[in-house]
Each structure stands twice: as structure tokens, then as C-alpha cells.
2 protein chains.
Amino acid sequence: MPRILRIAAAQMGPTQRADSRAQTLDRMIALLEQAAAQGAQLVVFPELAFTTFFPRWLLTEAELEEYFETALPGPQTQPLFDRAKALGVGFYVGYAEKTADGKRFNSAVTVGPDGTILQKYRKVHLPGSVEPRQGSRFQQLEKRYFEYGDMGFPAFYGPESWGAPVMGQLICNDRRWPEAWRVYALQGMELMVVGYNSAAYDPNGGDTEDQGLRTFHSQLAAQANAYMNAAWAVAVAKAGDEDGSGLIGGSCIVDPNGRIVAETRTLADEVVVADCDLDLCAQGKEKMFNFAQHRRPEMYGLITSRTGAEKPARG
Amino acid sequence: MPRILRIAAAQMGPTQRADSRAQTLDRMIALLEQAAAQGAQLVVFPELAFTTFFPRWLLTEAELEEYFETALPGPQTQPLFDRAKALGVGFYVGYAEKTADGKRFNSAVTVGPDGTILQKYRKVHLPGSVEPRQGSRFQQLEKRYFEYGDMGFPAFYGPESWGAPVMGQLICNDRRWPEAWRVYALQGMELMVVGYNSAAYDPNGGDTEDQGLRTFHSQLAAQANAYMNAAWAVAVAKAGDEDGSGLIGGSCIVDPNGRIVAETRTLADEVVVADCDLDLCAQGKEKMFNFAQHRRPEMYGLITSRTGAEKPARG
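Residues numbered from 1 in each chain as written. Chains lettered and ligands numbered in written order. Predicted model: local features only at pLDDT ≥ 70, side-chain atom pairs only at ≥ 80, totals over all residues. Heavy atoms only, no water.

1. As for the side chain of Arg3 of chain A
Residues and elements named next belong to chain A.
- In this structure, Arg3 sits in the segment before strand 1 (4-11).
- At 2.8 Å, the side chain of Arg3 and the backbone oxygen of Gly163 are in polar contact.
- A distance of 3.0 Å separates a polar atom in the side chain of Arg3 from a polar atom in the side chain of Asp279.
- Excluding residues that lie within four positions of it along the chain, Arg3 makes contacts with Gly163, Ala164, Pro165, Glu190, Cys276, Asp277, Leu278 and Asp279. (Helix = DSSP H or I, 4+ residues; strand = E, 2+ residues; numbered from the N terminus. Polar contact = N/O pair within 3.5 Å; in protein donor to acceptor, adjacent residues only side chain to side chain. Contact = heavy atoms within 4.5 Å.)

What follows is the structure, given as C-alpha cells:
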């Protein structure tokens, strides 16, 4: 019996600091309904989807609080969960998590069509810095506002109605790190879902990467890691201009050959859908990337024994 | 002072079983001279460049012997080394190595402009099988004919005249394994050289990957691993029809952004050249892929502790 899962990438356009939570949630529900109307069974939203990308601002503790969820669903997010359950649609969504003991994480969950949370994930690869850059209008303070994810890379099963795929979740910068994909693939991962907010350019000036190159990087990472792990990948942006700082789009659904089968064309709210045949993973997993036959872990020691790069001694 | 190294990808067209060693070496010397005439300082040849891709045949011990080098340079390869030294050009070349104690490896060396071997590498990721596939005209018997590489992934310095880049070497299938690239990048690798012989289609029929898709896979792996490791990559094919079995081309020189800056257009002997600014690696190594700041090895344990994929328990 074929295992074909219809997935929607629900790209979001920009969310400004001044936008209300209700306004943003309404946009998400509208995207969910568009996806459901096209028959999607799983809808993938971006990282930190409920708000603007607040780590670009140096915030007071009181300001910071507004961006975090102490429960999911909570009062401000419940309508999305309710509408999804009513439609029988599952979703991935990124959010800022504050735990009961006061820890903060950049997190995501995948929710099943019955409204239950299938698996939470906490971002491991936090970019940016702890201390603000002096004299910069825009910051990247993820290392200040969040703790490093403490759950590892926990693969999980989607429900039977999705074909019970082994799934993985990543968040934004994680997708550029092949280690993260590989740890999931070593658990048999067939479908990776990942949301992101990625700068379209250096908002303070100073480097050489324009929006086209950054979008290329984002898609290249999704495509190659899907191929090298024989998995489907769905990577979804929050895009466009947020309060003067640009974010790339380029949301895409990638097959296990690394080919983009659907991608967004705008920097706004936009849904694209694809039928993902989960059994297309089998050829790669059984032949080229048959890990049991071909991997040589005894040669990979530096990957876990060394963090930073160290050049060899000069001869 | 800028560190700009002019590199040639010296793609080779097919080499038939009946071709003489001298005939093939003459082609290699012609490619070397073409590259040198264009100012190349380093010329990258394919995997197993001196012969046909013999692991496609089930051979007797006596037949097998003819394909192996017991010394490098040796009587049949010395003219290439001599000509390169006379031209002041270095090169990477893949060959079948037989050691004094009778071990066989799928190996490569990088040779400096003064003719000295800078570093040897022995292929770690051997594809194929030990036992021949019954009833198949063509085999893939690398696991039968070669032992797994036993040198790890030894990074080394190119000479001062090349800008002293930290270099890595891979062979063919290795390039699809992100672990191999990462172990080199953890040694500061700025330039990866890799030769390959990759099937253009299943010569026995039976799978779904055509020549276009396989060429795409090959370039995708080189591009993404170059980007994710902030390094230049030069990937060079033996291409075309060898005794009825097809090999992809698609040789390319890739910058640290993952962009192809030069690529071959044929399946024949063909040289393409690019000026590779080694300092273009710095931005990636210092920012996005600053390993010391951003890697989280404590989360990567499965990469070294597990060989094959194991699915999670069903809930």
C-alpha cells in the first residue's frame, strides 16, 4: 500500500513588532485552511511563528516575556490547535518556550491530526551571540535568550494515517549542520520538517552574501541533506521585511533525491503543497546510503571528540 | 597577500579494457600540458585514472594484478611524474595500490610541484559488494578487490607556492558522506580534491536513476559539502562509455559558497580551470560555520556509536 503524504509548506510573510498576537494567529489559521482545502494532511509553519523574530532586538526582561509561551497550546495559540483538530490536519510549528522552572528554548512541536503533540524539539545550533554587538541597529541574540536544546535529535513516528513515517524536526540554523540530519537518519528518519527565519542580508552591512546567495545556501542545505540521508525534507521560511530587517523566502519541499518538488515564489504568506511518497526513501536507504553496509564510524572520531577546527602541525 | 591558486579539473573520457597503459598515460600527459598551458598550478585527475574502472569485472588474480601499482611512481607512471615536475605543476591522481605485504587499496596521492608526494589517501567508503551479483554482466566489486582505507582522513598542507592551503583528499563515493568532509574540516581543510568513476545508470537495469539525476547528485554533494565546510572543492570524473558501461561526467570546481565556478561539458578528456581564492573560506569558517562557537558534539554521539540505522520503538 503506497504511503503518500500530502504536505503543505505554509510560508509566512513578515510579522512586525507592532503586530498583535491575534492578527498573526489569524494569518496562520488562514494558511492552515488554505492548506487543508488543498488536501494537506501536514502543514509546516516557520520557526518562532507566532511573533516577529525578536532575537534581533536587545530587549528588557519584561519585553522578552511577551514572546514566550509557558504552555502550548496556551491562551494565545489554542485557536490554531482547535482549528487544525477540527480540520483533521497536523502541523509543525516553531515557538519560544519558557519552562516551569524558567528555562527558555527555541522550540518546535509536531502536532498530529487529533491535536496531540507527537514530539517536541529544542534547537541545538543556536547562532548569534550572548552579548549585543555595540553600535549595531540589529542583533542576533539567540545565544542570549535561549539555552541550547537539551533533547538531542529525537526521531518519532507520524500517525498511521500519514503512513507512519519516521520523522525528524530541526529549527533554522540546525539545517546547515549535517550532523543533525545524520543523527536523525541513524534513527531511520524519512521526513524532516524545519522552520526558519534567515537573514536576507547583513542588516548592519559588512558581509558579502546577498539575498540570492542566502536563499541558494538555504535550499542547497535542504536538498543535499535530504539526498545524503535518503529522506524527504520540508523547509519553511518566515520571509520578507520585519521592521527594516530582511528575511529570505525560498521555502521548499525536497524529495529523497534532493530535488525541489515545490517551492514558494513570494516573500509573503504562501502555501505550496506536494504529495510525498515516503517509499521513495527506500532506494537510497537500501543502496547508496545503506548505513550498515557502508558507514565507517571508526574513522569519524573527530566529529564527536573535537568541537572547533584545529589545523595540522606544519611539516 | 592574496592566496589565489589556479586549479585544473582534468576530466578523462573513457578508458577501455583493451587500451594500453601507455596510451592512457599519454592522454594524462596531454591533459597535464593543456592545464599547465593555462597556468594551472594543481591538476586534479580522476579515481583509478591509469586504467579502466576494473571493479566492474570479475577478474582472476592474474588479471587483477595488471591494474595495481606496487610503487608510485613506478615504471608505467614515471613519465607523468617527470612531466609534471618539469612543468612545475602538482597533481592529484587516483590509482590502485598494492602494498609490499600484499594489501590492496583504492588510493590517491597529491603530488607537489617539485614531484614529492605530499599525502596519500586510501578510500574509506567502498561501495559495491564482495560477492559478484549472479547473472549480471557488470559488477561493482570494490569491497572484494580493496581493503577499507586505514589512514583516516589526513589533512595536509599544500606548498607555500599554492598559498599553503590545508587540503583534504577523498575518492568517489566518499564525497557523498558528510562525515568524511567534516573530519577534514575539523582539521581546518580549505581545499578538497576528489576523483570519481560514477555509474551513469544501472548497467544491468533495475533502478530509477538516470544520467541526469546521477550527475545532479554528484554535483549536489560537492556543492553542499563545500558550503557546509567552508572549503573549495574540485571533483573530477572519468566519464563516458567504458566497454558498454556508462560513467557520468559533471566534473566541477566549487567555491566555499557551494557555487560551481567551472564545470566540464563533455564526457571526454577535458580540462577546465579556475582561480581559487583560498581566503574566500575565511568568512564561512569565522561566522556561519565557526565550529568552536556553534558545534554541539555532545549531541552527535550516534554518529560514532552506531553504524546502521535503527528505527525508534513504536509507541
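2. Considerations on the packing of helix 1 (residues 21-37) of chain B against helix 3 (residues 78-87) of chain B
All names here are of chain B.
- Between helix 1 and helix 3, the least distance of the axes is 10 Å, while the angle of their chain directions is 10°. Considering their axes alone, helix 1 and helix 3 lie roughly parallel with respect to each other. Contacts from Leu25, Met28, Ile29, Leu32, Glu33 and Ala36 of helix 1 reach helix 3 at Pro79, Leu80, Arg83, Ala84 and Leu87.
- Grouping the constituent residues of the contact of helix 1 with helix 3 by class yields nine nonpolar, no polar and two charged. (Axes fitted to C-alpha atoms, helices over the stretch in contact; angles between N-to-C directions. Parallel < 35°, antiparallel > 145°, perpendicular 65-115°, else oblique. Nonpolar A, V, L, I, M, F, W, Y, C, P; charged D, E, K, R; others polar.)

3. Some remarks on the relation of the copies chain A and chain B
- Relative to chain B, chain A is turned by 180° and slid 0.0 Å along the rotation axis, the superposed coordinates differing by an RMSD of 0.0 Å. The superposition operator between the copies reduces to a two-fold rotation axis.
- Here 100% of the interface residues in chain A have copies in chain B that are interface residues too; the copies meet face to matching face. (Least-squares fit on C-alpha atoms with pLDDT ≥ 70 in both.)

4. Points about helix 6 (residues 211-228) of chain B
Residues and elements named next belong to chain B.
- With 18 residues, helix 6 extends 26 Å between its outermost C-alpha atoms, agreeing within 8% with the 26 Å of an ideal straight helix rising 1.5 Å per residue.
- Counting buried positions along helix 6 gives 15 out of 18 residues, so the element sits mostly inside the fold.
- One side-chain oxygen of the residue at the start of helix 6 lies 3.2 Å from the amide nitrogen of Gly212, identifying that residue as Asp210. (Expected span 1.5 Å × (residues − 1). Buried < 20%, exposed > 50% of the residue type's maximum accessible area, 1.4 Å probe, protein only.)

5. A look at the interface of chain A and chain B
- Each partner contributes residues to the interface: chain A has 69 residues there, and chain B has 70 residues.
- The contact between chain A and chain B buries some 6600 Å² in all, and 63% of this surface belongs to carbon and sulfur atoms.
- Linking chain A to chain B there are six salt bridges.
- For the side of chain A that touches chain B, the secondary-structure elements that each account for two or more residues are helix 5 (178-185), helix 6 (211-228), helix 8 (291-294) and helix 9 (301-305) of chain A.
- The greatest single-element share of the side of chain A that touches chain B, amounting to nine residues, is contributed by helix 6 of chain A.
- Taken together, the residues of the side of chain A that touches chain B break down into 32 nonpolar, 20 polar and 17 charged. (Buried area = accessible area lost by both parts, 1.4 Å probe. Salt bridge = Lys/Arg side-chain N within 4 Å of Asp/Glu carboxyl O.)

6. Some points on unusual backbone geometry
- A cis amide bond links Leu72 of chain A to the next residue, Pro73 of chain A, at an omega of -5°.
- As for its position among the elements, Pro73 of chain A is in the loop between strand 3 (68-69) and helix 3 (78-87).
- The phi torsion at Ala230 of chain B lies on the positive side, around 50°, for a residue other than glycine.
- Along the polypeptide, Ala230 of chain B turns up in the loop between helix 6 and strand 10 (232-237).
- Residue Asp243 of chain B is not a glycine yet carries a positive backbone phi of 50°.
- Mapped onto the fold, Asp243 of chain B is located in the loop between strand 11 (240-242) and strand 12 (245-247).
- Residue class for Asp243 of chain B comes out partly exposed when judged on its relative accessible area of 26%.

7. Notes on the packing of aromatic side chains
- One pass over the full model with this rule turns up 26 aromatic pairs over all chains.
- With a centroid separation of 6.3 Å and 75° between ring planes, the pair formed by Phe45 of chain B and Phe91 of chain B is classed as edge-to-face. With a gap of 46 residues between them, Phe45 of chain B in the loop between strand 2 (42-44) and helix 2 (61-65) and Phe91 of chain B in strand 4 (residues 90-98) connect regions that are remote in the sequence.
- Look at Phe91 of chain B and you get buried, because its relative accessible area is 0%.
- Ring centres of Phe153 of chain B and Tyr184 of chain B lie 5.6 Å apart, and the angle between their planes is 70°; this geometry places the pair in the edge-to-face category. Taken together, the residues span a long stretch of sequence, with Phe153 of chain B in the loop between helix 4 (142-145) and strand 7 (156-157) and Tyr184 of chain B in helix 5 (residues 178-185) at a distance of 31 residues.
- For Tyr184 of chain B, a relative accessible area of 0% translates into the label buried.
- Cluster of aromatic residues (ring-pair linked, three or more members): Phe54, Tyr67, Phe68, Tyr145 and Phe146 of chain A.
- We note Arg175 of chain A situated over the ring of Tyr196 of chain A; from NZ or CZ to the ring centre the distance is 4.0 Å.
- Positioned above the aromatic ring of Tyr157 of chain A is the side chain of Arg314 of chain B, whose terminal nitrogen or guanidinium carbon lies 4.3 Å from the ring centre. (Phe/Tyr/Trp six-rings, centres within 6.5 Å; stacked < 30°, edge-to-face > 60°. Lys NZ or Arg CZ within 6 Å of the ring centre and 35° of its normal.)

8. Things to note about the pairing of strand 14 (residues 260-263) of chain A
All names here are of chain A.
- Looking at chain direction, strand 13 (residues 252-254) and strand 14 are connected through three bridges and run antiparallel. Bridge assignment links Cys252 to a residue of strand 14, and that residue is Glu263.
- A loop of five residues connects strand 13 with strand 14, the two strands running antiparallel in sequence, and Gly258 in this loop sits at a positive phi of about 85°. (Pairing = 2+ DSSP bridges.)

9. Concerning the nonpolar core
- Core analysis: the biggest nonpolar cluster contains 124 residues, and Phe153 of chain A together with Phe153 of chain B have the highest contact counts within it.
- Aside from chain neighbours lying at most four places away, what touches Phe153 of chain A is Tyr121, Val124, His125, Leu170, Ala180, Val183, Tyr184 and Gln187 of chain A together with Met299 and Tyr300 of chain B. (Core = buried A, V, L, I, M, F, W, Y, C linked by side-chain atoms within 4.5 Å.)

10. With respect to the sheet that holds strand 13 of chain A
All names here are of chain A.
- With respect to topology, six strands assemble into an open sheet ordered 7-8-9-10-13-14, the strand pairing being mixed. Sheet topology places strand 7 (156-157) and strand 14 at the edges, where each strand pairs with a single neighbour.
- Docked against the sheet, helix 6 engages strand 9 (191-196), strand 10 (232-237), strand 13 and strand 14, running at close to 20° with respect to strand 13.

From the geometry alone we can't say anything about function, so treat these as descriptive.
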